[in-house]
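# Architecture and fold: a report
So you can see what is in the structure, the chains are spelled out below.
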Amino acid sequence: MAIVSLGGLLYLLPPLCCGLFFALRVIQLHVAKHNRRKAVLDELKATDPERKRLIGFFHPYCNAGGGGERVLWTAIAMLQRSEPDVVNVVYTGDIDVTKAQIIERVKARFDIELAPSSLHFVFLHSRYLVEDTTWRRFTLLGQSIGSMYLAWEAMSKLVPDLYIDTMGYAFTFPVVRWLALTKVGAYVHYPTISTDMLERVRSRRAWHTNSGAIASSAVLSKAKLLYYRMFMFYYTGCLRTASFLMVNSSWTKNHVDAVLQHTDPLLSSLHILGLLLPASAARTARIVYPPCDTRDLATFPLEGRERVIFSLAQFRPEKDHPAQLRAFHRVLADHPEYAKPGPLQVRLVMMGGSRNAEDAARIDALRELARELGIEEHVEIIINASYPQMLNWLSRASIGLSTMVDEHFGINVVEFMAAGVIPVTHASGGPLNDIVVPFNGSPTGFHATSPETFAEAFHKVLTLSPEEEVNLRSRARTWAVQRFSEEEFEKGWNESGWQQTLRG
Ligand SMILES: *[C@@H]1O[C@H](CO)[C@@H](O)[C@H](O)[C@H]1NC(C)=O
Ligand SMILES: *[C@@H]1O[C@H](CO)[C@@H](O)[C@H](O)[C@H]1NC(C)=O
Ligand SMILES: *[C@@H]1O[C@H](CO)[C@@H](O)[C@H](O)[C@H]1NC(C)=O
């Protein structure tokens, strides 16, 4: 008996101790919550501190100046305008800069004006834990556990009333939800792991995160599959703790929704936590497109365009520039009048950045291909153009060409449309699903898949009547400016449910 009860005690002791430890920590956090909140509101000299609500944005790289940061600052500036009772808290690992410096950089980089009075920064010292250089092996797992620790640091410094992750650290959700007892939401740019990735490991296909050596060994492959399955299992559980989820495009929505719906019966039945996994609050993610700055572009004239097909893309392999030359070759072959000097003559202008020797080699190969196809005198390649040069071509060109297959988004296509340039894009990804879609039942551009169909689309645009042409340009512009505007972004946030989550 004694041995049995001793065994029972030993068995129960660790979970009891853990439980006690966590309960103490939760109490500690909540005692601290009140004090820290008061200190922050005092520092900001907030009037009516009782009414204030703290929204915490988890963005450890908030000073990076990329697309994700533009979304963050646009959202905060919007809340500062429309929600006087909200204090925006940014959790960042940029410990080498000050609040004033960050605000200044946001103004310089994005032209976004932030009011210091309702903005507070919490500086985190353990950001190195989410850097991929810290985790040479098991990077996904290491970074995820690191992010949980980072979130713990964040919560022990200040507990907000609502937590919004804007950088894709889903593993922080349970820490915030269950230790800081704070509701969670997120704006997701990119899924940490996708069901496609899992399928790839399952089918043992070599791919970029799945090196050839591993794919060739059955045992390693099984181990890797188990690792990914467990990772997916927990990722799904974490995402489901969110009360609302926003995503930046339909591509991301498809992936995040697949993760939310993902089930792994074996792992759930094996795992006691499977029982505790919350029924999802956010069953599907909502698309809230990031706003694009189209102010300059939308002023360009719609009439008097030159017969120029304009491509704007870095000379990277996935952009598929050779397909552009083949399509252009096709349209010149089908309509020889487009190659003859005169009013009908058409040119192809390819503009893009060249980052390195590989890009430069690709550009040489493109010139070579143009020579082989006999179209080199009709093609102009412009490398590393300046911003004004780019605007200049956007104000003159007729057609905007994009040939990338399965592009996640395609900001260049939005720019074409806002500038009044009629887009002709590959029929896939963002350009098909998000951007070049009918507006009020009428088309805003064209899609194609082969040199023949691209050539047909060019021909269609080049033979529009002047009236049809201006209508199409104007429709494309109105649509792009509207859909990717700040108002639309604001509407998406308003409808995401964050206000209900904060109050509920
Ligand atoms: C969404 O985020 C991903 C990752 O940063 C990016 O590649 C994609 O272009 C973004 N989409 C939009 C619509 O900005
Ligand atoms: C384009 O810019 C990159 C770096 O920004 C540079 O390495 C490259 O040499 C430039 N290429 C040309 C043709 O100017
Ligand atoms: C979003 O909600 C705020 C108030 O909560 C309101 O002032 C604003 O006009 C709304 N914006 C849009 C685009 O609906």
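Worth saying up front: this structure is predicted, and the values here are computed from it rather than measured. (Residues numbered from 1 in each chain as written. Chains lettered and ligands numbered in written order. Predicted model: local features only at pLDDT ≥ 70, side-chain atom pairs only at ≥ 80, totals over all residues. Heavy atoms only, no water.)

Here we come to the overall build of the chain. Each helix and strand counted, the chain has 20 helices and 13 strands in total. For the chain, the residues scored as buried account for 50% of the 504 residues in total. Partitioning the intrachain contacts of the chain with sequence separation of at least 6 by distance along the chain shows that 74% fall at a separation of at least 24. Of the roughly 24100 Å² that the chain leaves accessible, carbon and sulfur atoms contribute 58%. Computed over 53 positive and 51 negative side-chain charges, the separation of the two mean positions in the chain equals 7 Å. (Helix = DSSP H or I, 4+ residues; strand = E, 2+ residues; numbered from the N terminus. Buried < 20%, exposed > 50% of the residue type's maximum accessible area, 1.4 Å probe, protein only. Contact = heavy atoms within 4.5 Å. Areas by Shrake-Rupley, 256 points an atom, 1.4 Å probe, with all protein chains shown as cover. Lys, Arg positive; Asp, Glu negative; His and termini not counted. Charge placed at Lys NZ, Arg CZ, Asp CG, Glu CD.)

Another aspect to go through is the environment of R330. Examined against the element boundaries, R330 turns out to sit in helix α12 (residues 321-334). Residues R330 and S450 lie 120 residues apart in sequence; the distance between their C-alpha atoms is 9.9 Å. Setting aside residues no more than four positions away along its own chain, R330 makes contact with P451, E452 and A455.

Below, the discussion takes up the site of ligand 1. For ligand 1, the full set of nearby residues is H189, Y190, N248, P290 and F409. Between H189 and ligand 1, the recorded distance is 3.2 Å, taken from a backbone N or O atom to an oxygen atom. Note that an oxygen atom of ligand 1 is positioned 2.4 Å from one of the side-chain N or O atoms of N248. Relative to its unbound accessible area of 360 Å², ligand 1 is 64% covered by the protein chains. Residue composition of the shell around ligand 1, by class: 3 nonpolar, 2 polar and no charged. (Near = heavy atom within 4 Å. Polar contact = N/O pair within 3.5 Å; in protein donor to acceptor, adjacent residues only side chain to side chain. Nonpolar A, V, L, I, M, F, W, Y, C, P; charged D, E, K, R; others polar.)

Let us look at the site of ligand 3. If you check the shell around ligand 3, you find S82, E83, E487, E490, K491, N494 and Q499 and nothing else. Taking E490, its side chain carries an N or O atom lying 3.1 Å from a nitrogen atom of ligand 3. Measuring from an oxygen atom of ligand 3, one finds a side-chain N or O atom of N494 at 2.4 Å. Against a free-state accessible area of 360 Å², the protein chains account for coverage of 53% of ligand 3. Taken together, the residues that form the shell around ligand 3 break down as no nonpolar, 3 polar and 4 charged.

Turning next to helix α9 (residues 250-261). For α9, built from 12 residues, the straight-helix expectation of 16 Å at 1.5 Å per residue is met to within 8% by its first-to-last C-alpha distance of 16 Å. Looking only at α9, the buried set comprises S250, T252, H255, V256, D257, V259 and L260. (Expected span 1.5 Å × (residues − 1).)

Here we take up the domain arrangement of the chain. Each assigned domain of the chain is listed here: domain 1 (33-291 + 489-503) and domain 2 (294-484). One C-alpha centre belongs to domain 1, the other to domain 2; they are set 36 Å apart. On the domain 2 side, the residues contacting the 8 residues of domain 1 number 7 residues. Summed over both partners, the interface of domain 1 with domain 2 buries about 680 Å², with 54% contributed by carbon and sulfur atoms. A per-residue breakdown of the area domain 1 buries against domain 2 is headed by S250, W251 and Y289, which together make up 62% of the total. Where domain 1 touches domain 2, the interface holds 0 salt bridges. Connecting domain 1 to domain 2 are 2 residue pairs in polar contact (both at pLDDT 80 or more). (Domains from an automatic or database assignment. Buried area = accessible area lost by both parts, 1.4 Å probe. Salt bridge = Lys/Arg side-chain N within 4 Å of Asp/Glu carboxyl O.)

Okay, the UniProt feature "domain: Glycosyl transferase family" (unreviewed entry) in the chain next. The sites that UniProt annotates as "domain: Glycosyl transferase family" (unreviewed entry) are residues 302-478. Annotated as 45% helix and 16% strand, the span residues 302-478 places its first and last C-alpha atoms 12 Å apart. (UniProt positions renumbered as here; feature names shortened; annotations may be inferred.)

Below, the discussion takes up the packing of aromatic side chains. On inspection of all chains with the given rule, the structure shows 20 aromatic pairs. Both rings, one in F58 and one in Y169, keep their centres 5.8 Å apart while their planes meet at 85°; by these two values the pair is edge-to-face. Of this pair, F58 sits in strand β1 (residues 53-58) while Y169 sits in the loop between β4 (162-165) and α5 (172-179), and the two are 111 residues apart along the sequence. The exposure class assigned to F58 is buried, which follows from its relative accessible area of 0%. Ring centres 5.4 Å apart and planes at 35° place the aromatic pair F439 and W479 in the tilted group. Of the two residues, F439 is situated in the loop between α16 (429-435) and β13 (446-448) and W479 in helix α18 (residues 466-483); the sequence distance between them amounts to 40 residues. Put simply, the rings of F58, Y163 and Y169 pair up and form one aromatic cluster. One cation-aromatic arrangement involves R177 over W178; the distance from NZ or CZ to the ring centre is 5.0 Å. The ring of W393 is capped by R396, whose NZ or CZ atom sits 4.0 Å from the centre of that ring. (Phe/Tyr/Trp six-rings, centres within 6.5 Å; stacked < 30°, edge-to-face > 60°. Lys NZ or Arg CZ within 6 Å of the ring centre and 35° of its normal.)

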